[in-house]
Amino acid sequence: MSPTEIPPTGVLPTEIPPTLIVGLHGTLQRHPWLDRVVERDPESSVEEDVLGLAIDRAGAYGWQTVSRWLSEEGRVTAHHEPTAWAHEEVGGDWTHDGRVHQLGWLQAGVLPDAVRPRLPVRPIALLLSETLARVGEVTFTGLHALLPLRPGERDTAFHQTELAPWFGLADPDARHEVVVTVSCRPTECAMTEDDVVAVRDAVRDMAQDSVTDVSVADASATAGRLQGLELDLDRVLHTQGMRGVARFGCRTREWSPDIAVWLVEMVADGLRAAGLSAQLVITVSLERMTV
C-alpha cells in the first residue's frame, strides 16, 4: 500500500483557499556534513529539498496538509484531505554571506472548515524552525506573516492572554527591543490613528507584563528596510502594492520565533477587534542587532 499526492482520475480539486505565508529571517551557518546527507534533485534547490521535509514533519504532529490517496493493487483504498492547512509552496535562501536572509518560508491555503478557526501561523513557524535547526546554527532575527484577516474568525476557545504566564517564565532582566509592523494595500485597509491606538492597547492588555513598553511609532519609517528582515513586499505577487500602515515598538524578555508568533497573533486579534478585514502582512523583528 503506497500513498500518493496525485488525485486519481475523476477526482476534481476543491476551491482554491485564501493564501497564508509565514517566513523566518536570520543567518544560517550550515552543518559541514549537510551536502553528504541531502539527496539533491537537479530540478530544485537544496533549500526546497530540505524544507520540503516540513510536509512529512507536519504529518508527524497530526497536521494533514496535503491530499493523499492510499492505493493497493491499482485500487484506491483510502483518501485523506488536508485538515490543518493546504500546503502550496516552500522555499528559502541560505546564502552564506553574513547578511540577513529569508531562511525559510511556507505558503499555505487556509481551510474554511478547519478544526480550529485560528490561522496556522504557530504550527507553520514551528515546522520551519525545526527544519532549519536540522540544517545548521540559526540566528533568528525576524518573522513575517501574510494573513487573510477576516472578522469573527478568532478561536473563541483560546485567548492570547493565556500565554502571558508562559512567556513570563523568562529572565526578568533580559530586554530585547522589537519592532512590529502592519502593511496592506491602501485601497483595502485604511487604519485611522484611533485604530492604531486600539491595537496597541489590545496588545498591552493581552501581553500583561510579558511584553512591555508597547508604543506606537511612526508608520512612515516602515517603508525603510528593517534590520532583522529581508523582505520586499513589491517583489512578491501576494503582497504587491502593500504599504506600511502601523508600526509599534516593544520590549520582550526573550527573543525566539515562538514569541514573534505570539506578537503576530496578538496584533491580528487587535486588528480584528478594531473591525479590520483585509489581506495584510505583519512583521516582527529585532530593532537593533549584531549578526
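The rules behind these values
- Residues numbered from 1 in each chain as written.
- Predicted model: local features only at pLDDT ≥ 70, side-chain atom pairs only at ≥ 80, totals over all residues.
- Heavy atoms only, no water.
- Phe/Tyr/Trp six-rings, centres within 6.5 Å; stacked < 30°, edge-to-face > 60°.
- Helix = DSSP H or I, 4+ residues; strand = E, 2+ residues; numbered from the N terminus.
- Buried < 20%, exposed > 50% of the residue type's maximum accessible area, 1.4 Å probe, protein only.
- pLDDT = per-residue confidence, 0-100.
- Contact = heavy atoms within 4.5 Å.
- Pairing = 2+ DSSP bridges.
- Axes fitted to C-alpha atoms, helices over the stretch in contact; angles between N-to-C directions.

*Asks:* Break down the packing of aromatic side chains for me, citing the residues and quoting the values.
*Replies:* Under the defined criterion, the tally for this structure stands at four aromatic pairs. Where Trp63 meets Trp85, the ring centres are 5.9 Å apart and the plane angle is 45 degrees; that geometry is what we call tilted. Of this pair, Trp63 sits in the loop between helix H3 (53-60) and strand E3 (68-72) while Trp85 sits in the loop between strand E4 (75-80) and strand E5 (86-91), placing them 22 residues apart in sequence. Trp63 gets classed as partly exposed once you look at its relative accessible area, which sits at 23%.

*Asks:* An account of unusual backbone geometry is requested, with residue identities and associated values reported.
*Replies:* With phi around 55 degrees, Gln208 is a residue other than glycine that occupies positive phi space. Relative to the helices and strands, Gln208 resides in the loop between helix H6 (193-207) and strand E9 (211-217). Under the relative-accessibility criterion, Gln208 is labelled partly exposed at 43%. In this structure, Asp213 is a non-glycine residue whose phi angle is positive, near 55 degrees. Assignment of secondary structure puts Asp213 in strand E9.

*Asks:* Account for the confidence of the model for the chain, naming residues and giving values.
*Replies:* The predicted model of the chain has a mean per-residue pLDDT of 87, with 85% of residues at 70 or higher. Between residues 1-13, whose pLDDT stays under 50, and residues either more than four places distant or in other chains, the model counts 22 contacts.

*Asks:* Please give an account of the sheet that holds E5 that cites residues and values.
*Replies:* One open sheet accounts for eight strands, arranged E5-E6-E2-E7-E11-E8-E10-E9; its pairing is antiparallel. Since the sheet does not close on itself, it has two edges, and those belong to E5 and E9, each with one partner. For this sheet the average axis-to-axis angle between neighbouring strands, irrespective of direction, equals 20 degrees. With respect to the sheet, H6 is in contact with E9 and strand E10 (243-252), its orientation differing from that of E9 by roughly 175 degrees. Helix H7 (residues 257-273) contacts strand E7 (136-149), strand E8 (176-184), E9, E10 and strand E11 (278-286) of the sheet and is inclined by roughly 15 degrees relative to E7.

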